Amino acid sequence: MPAPAIIAQPYRFQPDIETMSRDALSALQLDRLRAIVRRTYDLVAPYRTKCDAAGVRPEDLRNLDDLAAFPFSLKSDLRDAYPFGLFAVPRTQILRLHASSGTTGRPTVVGYTRGDLDTWAELMARCLATGGARPDDLIHNAYGYGLFTGGLGFHDGVARLGATVVPASGGGTERQIVLLRDFAATVLCATPSYALNIAEVAEREGVDLRGGPLRLGMFGAEPWSDGMRAELQSRLGIVARDTYGLSEVLGPGVAAECEASNGLHGWEDHFIFETVDPDTGTRRPDGEAGELVITTLTKEALPMIRYRTRDISRLERATCACGRSHVRIMRITGRSDDMIILRGVNVYPTQVEAALVDVPGVSPNYQLVLETQGTMDKMTVEVEADPVIDPSVYPDLEAEIAHRIKSLIGISAGVLVREFGALPRSLGKAIRVRDLRRKA
Ligand code: DLL
């Protein structure tokens, strides 16, 4: 008898779950949703108050659509309950705390039980494998370790995958490059802006990462454009994949891009994803852009029902070419908070990034400077020239960039080309906007 043909299957961390039928997923979601809403209502007083004010009770949840009647959870709920007021378990059952500082006010504190840490590691391993990482990889983790969820979130995921982790954290870029080269890393985990910093420093130090074993980048934690993806792929000699998450519902590990590179699979056995109109809060149909709203289905310490992420995306529910059935969250355009309204036109920093990165002679280091001019807002795009460009050419570059921004986005922006190295380098999440506008 001939030997059975070996069919090469793409590696999946949890194949049965990742390809579960939509019906089975929905049934699982409804069971878990009813249980978590019940628990949160019973154990988290601020949530109970909100439900009572909205006139809804856990027993009103008969099908998944009934969730639309339940109140949203907001970042301000976490701030108001600072530090532990939304926890559904006693502090003694919390094994780890993380926090994000944000730009204003008190930090947002999140907590994890043993069970939560276990789920997180599993989902992170699933994301890494979905992006293309394998147990035999050597994974250099340049997400910041500490209160930020990126470093330790990826760290535990690599351990669960069974690969080798290098806990590099952010910063000390010259040393990171030595480690990447000497340990022969195959996967780099970092924010895209820090990965660009690594690429630049490697080029400056004469270390060729492109020709080595590095083959995959697992990037996320900030918005980035497809142009930036192309830049990172060619400068580092890798495939660049997008991963998404936020501390309030887990940390990294919520969604990851697969080999089909057509949106990020959001793990529906642990979350429900909706999109809503950012102004009115009404649900948007799948396929239409809106604010992403996430409900956790299994979180023990900090359950979140209908959390408003402020992130703008759209959802696609058709089964992906990779065979995974879980919803696809299309690339996040940006946060509604980061949207700039310039003379009536809505602009996200990533749109400007997309217009910039293809212009020969400029590097993708940029900042948008907002100022008040009379009664109007003015935006100046500051961008760096490549080191080899003679300053006499800067005015031509400025004119070309202004023209591209006008034709691609429809706004008139000032452009200032600066010499290479003039703008700050990212060690984690890049600061893309300097807002100098007078506050009313
Ligand atoms: O940034 C978690 C994370 C770490 C995700 C590492 C991916 C990789 P926070 O610090 O709470 O958590 O920030 C969450 O970052 O609401 C988005 O606005 C933004 N963000 C995260 N991933 C992406 C992405 C982590 N892939 C906030 N694309 C989110 C665009 C992203 N924005």
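Here the structure is a predicted model, which is why all the values come from computation and not from measurement.

### Observations concerning the sheet that holds strand E15 (residues 334–335)
- Taken together, four strands build an open sheet; the order of strands is E10-E11-E12-E15 and the sheet is antiparallel. In this open sheet, the two edge strands, each paired with only one partner strand, are strand E10 (271–276) and E15.
- Of the pairings in the sheet, the one linking E10 to strand E11 (residues 290–296) comprises six bridges and is antiparallel in character. Note on E11: the bridge partner recorded for phenylalanine 273 is isoleucine 294.

### Considering the sheet that holds strand E19 (residues 376–385)
- If you trace the four strands from one edge of the open sheet to the other, you get E20-E19-E18-E21, paired in mixed fashion. Each end of this open sheet is capped by a strand with a single partner; those strands are strand E20 (414–418) and strand E21 (433–435). Shown here is a sheet whose adjacent strand axes are inclined to one another by a mean of 20 degrees, direction ignored.
- Bridging between E19 and E20 involves five bridges; their strand directions are parallel.

### Examining the packing of helix H7 (residues 173–182) against helix H8 (residues 192–205)
- Put simply, H7 and H8 touch, their axes get as near as 9 Å, and they point 80 degrees apart. If you check the angle between H7 and H8, you find them roughly perpendicular. Every residue of H8 that contacts H7 at Thr173, Glu174, Gln176, Ile177 and Leu180 is listed here: Tyr194, Asn197, Ile198, Val201, Ala202, Arg204 and Glu205.
- Among the residues making up the contact of H7 with H8, the classes are represented as six nonpolar, three polar and three charged.

### Considering the nonpolar core
- Within the largest apolar cluster, 63 residues are counted, with the highest numbers of intra-cluster contacts made by Leu128, Tyr244 and Ile294.
- A total of eight residues in this core trace back to one element, the largest contributor, which is helix H5 (residues 114–131).
- In terms of nonpolar packing, the next biggest core, distinct from the first, is built from 25 residues, Leu180, Leu188, Leu232 and Ile238 among them.

### Regarding the packing of aromatic side chains
- For the coordinates displayed, the defined rule picks out five aromatic pairs.
- Aromatic side chains phenylalanine 271 and phenylalanine 273 sit 5.9 Å apart centroid to centroid with 50 degrees between the ring planes, which places their arrangement in the tilted category. Of the two residues examined, phenylalanine 271 and phenylalanine 273, each falls in the buried class.
- Positioned over the ring face of phenylalanine 420 is arginine 425, at 5.2 Å from the centre of the ring.

### Concerning the site of the ligand
- Looking at the ligand, there are 21 residues lining it, with Asp242, Thr243, Ser247, Asp311 and Lys429 nearest.
- Within the contact set of the ligand, a nitrogen atom lies 2.7 Å away from a backbone nitrogen or oxygen of threonine 243.
- Between serine 247 and the ligand, the recorded distance is 2.6 Å, taken from a side-chain N or O atom to an oxygen atom.
- Across the complex, the protein chains shield 94% of the 610 Å² of accessible surface that the ligand would expose by itself.
- By residue number, the principal contributor to the shell around the ligand is strand E7 (residues 239–246), which donates five residues.
- Of the residues assigned to the shell around the ligand, the class counts are nine nonpolar, six polar and six charged.

### Quick look at the pattern of salt bridges
- If you walk through the whole model with that rule in mind, you get 40 salt bridges.
- In this structure, the salt-bridge partner of glutamate 122 is arginine 126, at a minimum N-O distance of 3.7 Å. Note that glutamate 122 and arginine 126 are positioned in helix H5 at a spacing of four residues, about one turn of the helix. Here glutamate 122 and arginine 126 have matching classes, each one buried.
- Between glutamate 382 and arginine 418 there is a salt bridge, with the nearest N and O atoms lying 2.8 Å from each other. Residue glutamate 382 is located in strand E19, and its partner arginine 418 is located in strand E20; the two are separated by 36 residues in the primary sequence.
- Here glutamate 382 falls in the buried class, since its relative accessible area comes to 8%.
- Owing to a relative accessible area of 29%, arginine 418 belongs among the partly exposed residues under this scheme.
- Three or more residues are tied together by salt bridges with common partners; here these are Glu291, Arg308, Arg310, Asp311, Arg335 and Asp337.

What counts and how
- Residues numbered from 1 in each chain as written.
- Predicted model: local features only at pLDDT ≥ 70, side-chain atom pairs only at ≥ 80, totals over all residues.
- Heavy atoms only, no water.
- Pairing = 2+ DSSP bridges.
- Helix = DSSP H or I, 4+ residues; strand = E, 2+ residues; numbered from the N terminus.
- Axes fitted to C-alpha atoms, helices over the stretch in contact; angles between N-to-C directions.
- Parallel < 35°, antiparallel > 145°, perpendicular 65-115°, else oblique.
- Contact = heavy atoms within 4.5 Å.
- Nonpolar A, V, L, I, M, F, W, Y, C, P; charged D, E, K, R; others polar.
- Core = buried A, V, L, I, M, F, W, Y, C linked by side-chain atoms within 4.5 Å.
- Buried < 20%, exposed > 50% of the residue type's maximum accessible area, 1.4 Å probe, protein only.
- Phe/Tyr/Trp six-rings, centres within 6.5 Å; stacked < 30°, edge-to-face > 60°.
- Lys NZ or Arg CZ within 6 Å of the ring centre and 35° of its normal.
- Near = heavy atom within 4 Å.
- Polar contact = N/O pair within 3.5 Å; in protein donor to acceptor, adjacent residues only side chain to side chain.
- Areas by Shrake-Rupley, 256 points an atom, 1.4 Å probe, with all protein chains shown as cover.
- Salt bridge = Lys/Arg side-chain N within 4 Å of Asp/Glu carboxyl O.

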